[in-house]
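In case you want the letters, here they are:
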Amino acid sequence: MKNILVVGGGGREHALAWQCAKNDTVQNVYVAPGNAGTALEPKCKNIILDSDIDNEHSAVITFCQDNDIDIVIVGPEAPLVSGIVDACREVGIKAWGPTAYCAQLEGSKTFAKEFMAQNNIPTAAYKGFTDAASAKAYIDEQGAPIVIKADGLAAGKGVIVAETIEHAYDAIDDMLASNKFGDAGSRVVIEQFLTGEEASFICMIDGENILPMVTSQDHKRAFEGDTGPNTGGMGAYSPAPVVTSAVHDKVITQVIQPVVDAMIAAGHPYTGFLYAGLMIDDAGEPSVIEFNCRFGDPETQPILMRLQSSMVDLVEQGLAGHLPAQAKWDPRPALGIVIASKGYPESSSKGDVIAGLPESNGTSSHDAVKVFHAGTVFSNDLDNANIDSAQKEVVTSGGRVLCVTAIADNILEARQAALAVTGAISFDGAQYRRDIGHHAIARDSH
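None of the values given here were measured: they were computed from a predicted structure. (Residues numbered from 1 in each chain as written. Predicted model: local features only at pLDDT ≥ 70, side-chain atom pairs only at ≥ 80, totals over all residues. Heavy atoms only, no water.)

Colleague: Even after reading the chapter, I still don't get the overall build of the chain, so can you show me in this structure?
Modeller: Counting its regular elements, the chain contains 14 helices and 23 strands. The C-alpha atoms of the chain give 21 Å as radius of gyration, which agrees with the globular expectation for 446 residues (22 Å, within 12%). Overall, the C-alpha framework of the chain stretches about 65 × 45 × 45 Å when taken along its three principal axes. Classification of the 446 residues of the chain by burial places 56% in the buried group. Residue pairs in contact within the chain that sit at least 24 positions apart in sequence constitute 69% of those at least 6 positions apart. Total accessible area computed for the chain in this model is approximately 17800 Å², and 47% of it derives from carbon and sulfur atoms. Distance between charge centroids for the chain: 3 Å, based on 31 positive and 57 negative side chains. (Helix = DSSP H or I, 4+ residues; strand = E, 2+ residues; numbered from the N terminus. Rg over C-alpha atoms; globule rule 2.2 N^0.38 Å. Buried < 20%, exposed > 50% of the residue type's maximum accessible area, 1.4 Å probe, protein only. Contact = heavy atoms within 4.5 Å. Areas by Shrake-Rupley, 256 points an atom, 1.4 Å probe, with all protein chains shown as cover. Lys, Arg positive; Asp, Glu negative; His and termini not counted. Charge placed at Lys NZ, Arg CZ, Asp CG, Glu CD.)

Colleague: Which parts of the structure should I look at to understand helix H10 (residues 245-265)?
Modeller: Note on helix geometry: an α-helix contains 3.6 residues per turn, so any two residues three or four positions apart are oriented the same way. Over its 21 residues, H10 extends 29 Å from the first C-alpha to the last, a length consistent with the 30 Å expected when each residue adds 1.5 Å. The principal kink in H10, of about 35°, is found at Ile252. Among the residues of H10, those classed as buried are Val247, Val251, Ile252, Val255, Ile256, Pro258, Val259, Val260, Ala262 and Met263. Buried-residue contacts for H10 involve helix H6 (100-107), helix H7 (109-118), strand S10 (197-206), strand S11 (210-212), strand S16 (271-280) and strand S17 (286-292). Just beyond H10, the residue with positive phi is Gly267, at close to 85°. (Expected span 1.5 Å × (residues − 1). Bend = angle between axes of the 7 residues up to and from the residue.)

Colleague: Where do I start with the packing of H6 against H7 in this structure?
Modeller: To characterise two packed helices, one gives the angle between the axes of the helices and the distance between these axes. At a minimum axis distance of 6 Å, the contact between H6 and H7 shows a crossing angle of 100°. Between H6 and H7, the crossing angle belongs to the class labelled roughly perpendicular. Contacts between H6 and H7 involve Tyr101, Gln104, Leu105, Glu106 and Gly107 on the former and, on the latter, Lys109, Phe111, Ala112 and Phe115. (Axes fitted to C-alpha atoms, helices over the stretch in contact; angles between N-to-C directions. Parallel < 35°, antiparallel > 145°, perpendicular 65-115°, else oblique.)

Colleague: Got a minute to help me understand the sheet that holds strand S4 (residues 71-74) in this structure?
Modeller: One key point about sheets: their strands pair by backbone hydrogen bonds, in either a parallel or an antiparallel sense. The sheet built from five strands is open, its strands ordered S3-S2-S1-S4-S5 with parallel pairing. Whereas interior strands pair on both sides, the edge strands pair on one side only; in this sheet they are strand S3 (44-46) and strand S5 (95-96). Of the pairings in the sheet, the one linking strand S2 (residues 26-33) to S3 comprises three bridges and is parallel in character. The residue bridging Tyr30 from the neighbouring strand is Lys45, located in S3. (Pairing = 2+ DSSP bridges.)

Colleague: Help me understand the sheet that holds S11 in this model?
Modeller: Across the sheet, four strands lie side by side as S11-S10-S16-S17; this open sheet has antiparallel pairing. In this open sheet, the two strands that pair with only one neighbour each are S11 and S17. On average, adjacent strands in this sheet sit at an angle of 30° to one another, irrespective of strand direction. Across six bridges, the pairing between S16 and S17 is antiparallel. If you follow Leu278 over to S17, its bridge partner there is Val288. The sheet contacts of helix H12 (residues 311-319) involve S10, S11 and S16, and relative to S10 the element is tilted by about 60°.

Colleague: Help me out: how do you make sense of the packing of helix H8 (residues 132-142) against helix H9 (residues 165-177) in this one?
Modeller: The geometry of H8 relative to H9 is characterised by a closest axis approach of 10 Å and an angle of 160° between their N-to-C directions. Between H8 and H9, the angle is such that the two are roughly antiparallel. The two elements H8 and H9 cross, and the hand of that crossing is right-handed. Contacts between H8 and H9 pair Ala132, Ala135, Lys136, Ile139 and Asp140 from the former with Ile165, Ala168, Tyr169, Ile172, Asp173 and Leu176 from the latter. Considered class by class, the residues forming the contact of H8 with H9 number eight nonpolar, no polar and three charged. (Left-handed = near helix turned anticlockwise from the far one by under 90°. Nonpolar A, V, L, I, M, F, W, Y, C, P; charged D, E, K, R; others polar.)

Colleague: Please clarify how the nonpolar core should be interpreted in this entry.
Modeller: The tendency in soluble globular proteins is for nonpolar side chains to be buried side by side. Counting residues in hydrophobic clusters, the biggest one holds 52 residues, and the most contacted among them are Leu5, Val72, Leu105, Phe201, Ile256 and Phe291. The greatest single-element share of this core, amounting to nine residues, is contributed by H10. Every residue in contact with Ile256, bar those within four places of it in the chain, is listed here: Phe201, Cys203, Ile205, Ile210, Val251, Leu274 and Ala276. In terms of nonpolar packing, the next biggest core, distinct from the first, is built from 37 residues, Ala17, Val31, Ile303 and Phe372 among them. (Core = buried A, V, L, I, M, F, W, Y, C linked by side-chain atoms within 4.5 Å.)

Colleague: I tried to follow the pattern of salt bridges on my own but got confused; where do I start?
Modeller: A pair can form between side chains of opposite charge whenever their charged atoms are brought close. Following the criterion strictly, the structure yields 16 salt bridges and no others. Residue Lys113 is joined to Glu191 by a salt bridge in which the shortest nitrogen-to-oxygen separation is 3.0 Å. One end of the pair, Lys113, is in helix H7; the other, Glu191, is in strand S9 (residues 188-192), and 78 residues separate them in sequence. Overall, the relative accessible area of 5% leaves Glu191 in the buried class. A salt bridge links Arg433 to Asp435, with the nearest nitrogen and oxygen atoms 2.9 Å apart. Counted as one network, the salt bridges with shared partners bring together Glu77, Glu106 and Arg294. (Salt bridge = Lys/Arg side-chain N within 4 Å of Asp/Glu carboxyl O.)

And the structure:
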């Protein structure tokens, strides 16, 4: 029997842990630190490890050695960028994810843009700056709309789509002068504004072989009609109809394969999940908006609702360098609606009691709706195993709190099913979008 460690505590990690626990050969899925949702999953156990980025990830390594961990699956970007996979490999622990070198594709917008330019991967024209005056002069030359990005990791919030010159100036001042994003914003990348429809293209890569996940589309803007500030994602659905078979082929040949080839040539073969955030123009030509070095969140939730292959089996095949060309998927579409806390994305509320969570929550294979937790904890001590879980109140602990995910015969029915459960869940200041999937639904209605 296998023991799995999933690193992370968000909705992506809940979905990964839930999928891993389905495998009959898995005995325990440990989640570090996990959330209230992972604590309630069969075979899953939350664990608290020290924040050990400055200590060569020793807490993770020690836990793996003491608990016979067979595979580590790393969810979030920060530990990947800081080299957790490298550290595990050095002591013989099998870890699924890219090395620190490869994770620069997400960890540095400058590295990613230069990498794309060197390898002829289609992307927006850009220039990097550390000086506010020079950045503003460039904005004056280019005009608006224009895109301002913090160079480093900013939890999905370091991208500003400026509709006016003044808005762009404000973004530059926030990042370079006011240090709003800390070290992540000490350098900015200013990009050409691309038009078209966005899509998320996520793959598993074993260094050489590519296994595409089903396509998806994320809704980044906070408010309905794709308005308001950018967020980490307010919902997602799969598949993304804009990624036709022709577009799919272009993405593989023009984007994913060049990454694989270039990393091999650099002596750092890419392993793990690779996420290409794309803009597809009216001619069906893809351009890369961003790379992420991990599964997207909230795309993970609808994608893994559709996965019928075993995630554990796929990761094991990937670690052995034998990824299959394709996985088995439910042909039906899935859609997830994020419920965020009061003030998100500018701030978040913690400790608000969550009411209306479904009792079964996807424990049956026939359940068409699953609530994945992200920013949740129990109101009392998680470590106290003597407290009956039914007596614990689930409370908010972050910006994005839950992702209500449904699978159905068509995308509209999936949204209706997700909205029905979403509407029954309440906490102070809860906010969510009712129009997730509107692009796909509009296509279906034509």
